Amino acid sequence: MTIVPEHATERVPWDQVELTVGEVSARSGVAVSALHFYERRGLIASRRTSGNQRRYRRDVLRRVSFIRVSQRVGIPLARIAEALGTLPADRAPNVRDWERLSTAWRADLDARIGQLERLRDDLTDCIGCGCLSLSRCVLANPHDALGDDGPGPRRLLVDEPDRPGAR
């Protein structure tokens, strides 16, 4: 007799074409409520059975993974939706489709990496210092001199590639 831990879920067969919302949730690690939210935002899609239950194509798991990873690196849902909108809706995306999407995001990801590196490097002296070194602090802005350059932490911002509102 095999003992299965209470928190374990039954594995969905690899060749099962459609998944229930519970199966997608269990397999992806995303709460059912989040899946419903993604669907309302147009990030994923399902069909309804005659009993009004959601059924997702198996390839939705890749989309959900893409959403989670993108959110984790700080990409807004609107940009994620825009990117997913470039993928085919009538079939599972193939390697070429994902390559095209990742190529389009490369400049944005490089800018985000630059932003994180600048934050890491420039804030090393500031974190935990209590701002006792205002003469060297990258966040210091006497008399709001940087206000003419726009909102936000001007010295820490990295230019974003070809985006509306980018400086």
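For the structure itself, look to the data block above.
Since the model is a prediction, treat every value here as computed from it, not as a measurement.

Draft legend 1. Examining helix α3 (residues 60-72) more closely. With 13 residues, α3 should reach 18 Å at 1.5 Å per residue; the first-to-last C-alpha distance of 18 Å fits that figure. Buried residues belonging to α3 abut β1 (18-19), α1 (21-28), α2 (32-40), β3 (54-57), α4 (77-84) and α5 (95-122). Positive phi appears at G74, one or two residues downstream of α3, with a value of about 90 degrees.

Draft legend 2. Focus on the environment of R54. Inspection of the secondary structure assignment puts R54 in strand β3. Along the primary structure R54 and T20 are separated by 34 residues, whereas in three dimensions their C-alpha atoms are 6.2 Å apart. Once residues lying within four places of it in the same chain are set aside, the contact partners of R54 are L19, T20, V21, H36, E39, S46, R47 and R48. A distance of 3.2 Å separates the side chain of R54 from the side chain of H36, its partner in a polar contact. Among the polar contacts listed, one links the side chain of R54 to the side chain of E39, at a separation of 2.9 Å.

Draft legend 3. Structural context of the packing of aromatic side chains. Counted by the stated rule, this structure contains 3 aromatic pairs. Geometrically, the ring pair formed by F66 and W98 is tilted, given 5.5 Å between the ring centres and 50 degrees between the ring planes. Of this pair, F66 sits in helix α3 while W98 sits in helix α5; the two residues are 32 residues apart in sequence, bridging distant segments of the chain. Both residues of the pair, F66 and W98, count as buried. With centroids separated by 5.1 Å and ring planes inclined at 35 degrees, the aromatic side chains of F66 and W105 adopt a geometry described as tilted. One end of the pair, F66, is in helix α3; the other, W105, is in helix α5, with 39 residues separating them in the sequence. What makes F66 buried here is its relative accessible area of 14%. Three or more aromatic residues joined by ring pairs make a cluster, and in this case those are F66, W98 and W105.

So, how was this worked out
Residues numbered from 1 in each chain as written. Predicted model: local features only at pLDDT ≥ 70, side-chain atom pairs only at ≥ 80, totals over all residues. Heavy atoms only, no water. Helix = DSSP H or I, 4+ residues; strand = E, 2+ residues; numbered from the N terminus. Expected span 1.5 Å × (residues − 1). Contact = heavy atoms within 4.5 Å. Polar contact = N/O pair within 3.5 Å; in protein donor to acceptor, adjacent residues only side chain to side chain. Phe/Tyr/Trp six-rings, centres within 6.5 Å; stacked < 30°, edge-to-face > 60°. Buried < 20%, exposed > 50% of the residue type's maximum accessible area, 1.4 Å probe, protein only.

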